[in-house]
Amino acid sequence: MRFNYRHLDWKLVGAVMALSLIGIITIFSSQYYSNSAYQQTYWLRQLVWLVLAFVAFLAVVRFPQRLFDASAYGLYGVSLVLLILVLAVGHTRMGASRWFDLGPVSFSPSDIAKLAALLTIARFFAYTRLPAYSKRRLAVSAIIVILPMMLILKQPDLGTSLTFPVILFALWFWSGLSPWYLVLIVSPIISMVAAYYWLSWAVYLVALLIFLASLRPGLIFSIGVVVMNLAFGMITPFIWERLADYQKNRILTFLNPGHDPRGAGYQIIQSKIAIGSGGVIGKGYLQGSQARLDYLPERHTDFIFSVLGEEFGLIGALIVIGLFTFIFFRCIRIAARCRSRFASYTCFGATAVLFFQFAVNIGMTLGLMPVTGLPLPFVSYGGTGLLLSWVLIGLIVAADHHWQEY
Amino acid sequence: MHKTTLSHIGRLQATYVVVTGVFVLFFVGLIKLQIFEHSELATLAENNRIRVVPIEPRRGVVFDRQGRVIVGDRPSYTVSVVPAEERKGLTIPHLAPILDLDTTQIRRRVKRNAASPYQPAPIRRDVPFDAIAVLEEQNSEFPGVNYQLDRVREYSVDLRAEAFTGHVGEVSEQEMERNPQADYRLGSTIGKKGVEKQYDDLLRGVEGTAFIEVTALGEVLGEYKGKERVPPVPGCDLTLSIDNDVQLAAIQALDTQDQKFSNMKLQSDSAPIIHRAGAIVAIDPRTGEILAMTSAPGFDPNTFSGMITDSMWQAISTDPAHPLLNRPLAGLYPPGSTFKLLTLGAGLESGVIDENTTFRPCLGGYQFGNRFFKCWEKRGHGVQNSIHAVEMSCDAYFYQLGLKVGVDQMYRYAMLCGFGKKTGVDLPSELSGLMPSVQYYDKRYGKNGWTKALVLNTAIGQGEVLTTPLQLAQFYCGIANWGTVYKPHLVTKVTHPNGRVDQIEPQVSFQLPFSRSTLAIMREGLRLVVEGGSGTARRLRNNLYSVCGKTGTAQNPHGEDHSWFVGFAPIENPEIVVCALVENAGHGSEVAAPVAKKVIEVYMKKKLGLLEPQQQPEPMAQVGAKELRP
Ligand SMILES: [Zn+2]
């Protein structure tokens, strides 16, 4: 069995590489007029990281697949330790402790935790062979994601911590759980929101009962769902009422930073102005005025797509979301045809992570979703993020490669 | 059962649908922004700017117990400069004389906003209207300058309430760094002291925001239609336990017309009223509610509401009369004879004496080793039991009692009575005072460097021991309330902007370490101080109500003795504890006792329905900056 590069999915890798290069070009433009010499070298640093990420990608592809499932649990343990450590001794930036400072690079263990949780659930599902509806299977997999999620929520980093339930739900779904059950499982949260006004809550509860009656998911499960819905719906307004307005405001700003009009709310306005003013063909490379005039903060990371939309217009923006969509289609196809369960779960979970970040980030820049601070995979500035995204692609490509081997 | 489970192919197709759906959603979103809203957004990008203007919320109002406004606000104008629109060499030099500031001060304030050059940087609050009229008329002379209607905090000057209201001011950069999660902004008004600081989170409310569209030249086009304004959320209103009549009585009681009690030289003798330095605290012992609190000399908190100039700040902060010292909770004084009640309680409770115990007679003092410790009464008090020792405040008796109790037990009981630690009143910057322990003496004088002689001084409230007027009032609240001490507090009610009202319930803080019989003996001593034939506060006796208390004269190494009185009324069922301290005024019985009496009297007369209709206080300036200083 010899390794043959020709069998790799080069169309997929090419699309990912194209996005990464577009990212570097846009990062260069976003900092072109910056006063800080350091910021002007962001593009160069990203280029170095891209080289590293590509090496890591090749390493993942060349490694025997066994190595990943064998190391999953160990990696999971290490990631938990790192998350606890970063809370204790990590570097604090803007009130959140997410980074370890390692000389010139700082590194965030949340990315490792994502990978570890993904591999751990994939391995657990692939080898315990419990039925999709087994209570033990649901409970253990939930615990696997809740631990790192809570630690990341404490940093606090809402956006990243939401990636964990996404991995869990994606793998529950992919391993055979009906999507309607997923709806029922998250229903207490919907109940919480609906309970803000009694009439909407009543309508929601009736709908829930009809839904349960038609789905018939088992008595104990149904009762559990109803009790949780009632409890969440009744307690929340009670607690909410007891809070002073400034406390409510802090919670709202935490859940949706766009709520704070001088911070993230302002960013969204500027992002929409930047994209909209780009028009169909864009203002041209290095010609974006919104980015240049410092209107758009975080323009090299979270709002990189706004810079892109302003300078390259609808055409450029469509190329980028088109490349992403192509990548996701390709990845999902690979996940569907993997013979090994572990590989299939890993592929689907990795795709879900990338898709979630893509959807949340672009949705945010277009003003369709709350501001969560998730970067755009492959395109946004950020070394560890780029590296992790490429490793995920490596896992997917490797799974495909091995599929072709057998 | 799981008939709804999707097949493998079904799941694959469902996933494709989701990915395609998101693609279509983003496609539509892009078309909407880049084709349909393109021209509008392009104009915004090229010519106009969105200026984010904060809308200040109404800061909560502070009421007294009768519902009268102690702290409210009034409309005023704030002038700001937008850094990016300011014309160098034109805007700031033109603005400086109008705002009565110098150019460097303005420049410093504009510079602080450098990080967000399109947002207005507040330069000066509470700008007089004629200055605004000039800015309005000669608009073009002031590029980048704008003004808006704001509110400025207004304090009732009559009540001289700054000891507990505190004041507001502009948030400092350190405060912003210390609270990264609070929504402070450069120029935000926050509470700096007192209730304003303690309850800032409740009072402040939540800032709103307006999005104003302006041209590149700074011309305002109106609100930006693309984003709705966020209305501000007003702050909560607070109701304090302060009783207007008692508070007025307290501030008037400290003033005197008798030149003898002035420690300041007067410039002209046509101003007969002398403002004495000191503190008064009145507490309802049944709840811990503070009825009155004052610190003299004080300052005018309105000074800080607008923008305080450096010279004004210099004048207040370096005033030798310390108007910024909040005496009731941050002034540290030896308690003097008022502390003898603690010594008595410790002696009775630890069993070293009973109420009838007598010691060697007082012959004007007590010989300890080779040193003679004087009693305040040079003629001596002879032999007496513990109750009469309190009545006459005989130092010799308490020297001997202190020796029997010892340093350790004195310390233990004092700590259990709340000395040497904060009372936990709902005000910031309270001090804990000092109660010396064996460890303290060891550290200060060396392991064998001190003798029992020190406990003689502690026993009569002299030497190292330091208390705040609030701590003493708290201790006497415990005696008045048969041992149960409620946490002193000011806020009794929080009214939220949505109408919800939170009542703040009284909270038991601790129990005095004394049995009911011990407390009965202590109270009998206090009663005789007023009603006994040789009591030190006989002049408080009256036909209307019963009152008791203890005088104190605290030796002060820096000048004249401080004068103390702590007492309560009515004796049978006490409703008010008053602690009065007059700095450098001499004997407690001569100065502080009559001061406290005026406060107690107003409360009791009011209770009995004998209070004449509201006496208005004579209008007088704060601080006494003009009157007091030569
Ligand atoms: Zn004596």
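For the structure itself, consult the block above.
Thresholds, definitions, all that
Residues numbered from 1 in each chain as written. Chains lettered and ligands numbered in written order. Predicted model: local features only at pLDDT ≥ 70, side-chain atom pairs only at ≥ 80, totals over all residues. Heavy atoms only, no water. Helix = DSSP H or I, 4+ residues; strand = E, 2+ residues; numbered from the N terminus. Buried < 20%, exposed > 50% of the residue type's maximum accessible area, 1.4 Å probe, protein only. Contact = heavy atoms within 4.5 Å. Pairing = 2+ DSSP bridges. Axes fitted to C-alpha atoms, helices over the stretch in contact; angles between N-to-C directions. Buried area = accessible area lost by both parts, 1.4 Å probe. Salt bridge = Lys/Arg side-chain N within 4 Å of Asp/Glu carboxyl O. Polar contact = N/O pair within 3.5 Å; in protein donor to acceptor, adjacent residues only side chain to side chain. Nonpolar A, V, L, I, M, F, W, Y, C, P; charged D, E, K, R; others polar. Phe/Tyr/Trp six-rings, centres within 6.5 Å; stacked < 30°, edge-to-face > 60°. Lys NZ or Arg CZ within 6 Å of the ring centre and 35° of its normal.

J.: Can you walk me through the overall build of chain A in this structure?
T.: Per the secondary structure count, chain A includes 16 helices and three strands. Counting across all 406 residues of chain A, residues that qualify as buried make up 55%. Expressed as a percentage of contacts within chain A between residues at least 6 apart in sequence, the contacts between residues at least 24 apart total 72%.

J.: Would you mind showing me how to read the sheet that holds strand β9 (residues 220-223) of chain B here?
T.: Each strand in a sheet pairs with another by means of backbone hydrogen bonds, the pair being arranged parallel or else antiparallel. Residues and elements named next belong to chain B. With respect to topology, three strands assemble into an open sheet ordered β1-β8-β9, the strand pairing being antiparallel. Looking at strand neighbours, the two that pair on one side only are β1 (49-55) and β9, the edges of this open sheet. The sheet shows a mean angle of 35° between the axes of neighbouring strands, taken without regard to direction. One ladder, built from seven bridges, connects β1 with strand β8 (residues 208-214); its direction is antiparallel. Its bridge partner lying in β8, Pro54 is registered against Thr209.

J.: Would you mind showing me how to read the sheet that holds strand β14 (residues 289-296) of chain B here?
T.: All names here are of chain B. Spatially, β14-β13-β23-β22-β21 is the arrangement adopted by the five strands of the open sheet, whose pairing is antiparallel. Every interior strand has two partners, whereas the edge strands, β14 and β21 (548-554), have only one. Here the average twist between neighbouring strands, direction ignored, is 5°. With six bridges connecting them, strand β13 (residues 278-284) and strand β23 (residues 576-582) associate as antiparallel partners. Paired with Ile280 across the bridge in β23 is Ala580.

J.: Quick question: what am I supposed to make of the interface of chain B and chain A here?
T.: Reports often express the size of an interface as the amount of accessible area lost when the parts come together. Taken together, the contact between chain B and chain A spans 58 residues of the former and 61 residues of the latter. Between chain B and chain A, roughly 5,000 Å² of surface is buried when both sides are summed, and carbon and sulfur atoms account for 68% of that area. One can count zero salt bridges joining chain B with chain A. Run the count over chain B and chain A and you get six residue pairs in polar contact (both at pLDDT 80 or more). Every element with two or more residues in the side of chain B that touches chain A is listed here: α1 (8-36), α2 (38-46), β1, α9 (200-204) and β8 of chain B. Examining the composition of the side of chain B that touches chain A, we find that 20 residues originate from one element, α1(B), more than from any other. Among the residues making up the side of chain B that touches chain A, the classes are represented as 32 nonpolar, 15 polar and 11 charged.

J.: How do you make sense of the pairing of strand β15 (residues 365-368) of chain B when you look at a structure like this?
T.: Walk down a regular strand and you will see the side chains alternate between the two sheet faces. All names here are of chain B. Of the strand pairs in this sheet, β15 and strand β16 (residues 371-374) are connected by four bridges, and their pairing is antiparallel. Bridging from a neighbouring strand, Gln367 pairs with Phe372 of β16. Linking β15 to β16, which pair antiparallel, is a turn of two residues; within it Gly369 sits at a positive phi near 60°.

J.: How should I be thinking about the packing of aromatic side chains in this particular structure?
T.: Ring pairs (aromatic) are described by centroid distance and by the angle formed between their planes. In total, this model carries 40 aromatic pairs over all chains according to the counting rule given. Their ring planes at 65° and their centres at 5.3 Å tell us that B:Phe419 and B:Phe475 sit as a pair that is edge-to-face. Separated by 56 residues along the polypeptide, B:Phe419 in the loop between α16 (395-416) and α17 (438-445) and B:Phe475 in helix α19 (residues 469-480) bring together distant segments of the chain. For the residue pair B:Phe419 and B:Phe475, the accessibility class agrees, reading buried in each case. An aromatic cluster of three or more residues is present, and its members are A:Phe54, A:Phe57, A:Phe324, A:Phe328, A:Phe355, A:Phe358, A:Phe378, A:Trp390 and B:Phe26. The cationic tip of B:Arg11 hangs over the ring face of A:Trp174; the distance from NZ or CZ to the ring centre is 5.8 Å. When the ring centre of B:Tyr413 is taken as reference, the NZ or CZ atom of B:Arg412 above it lies at 4.8 Å.

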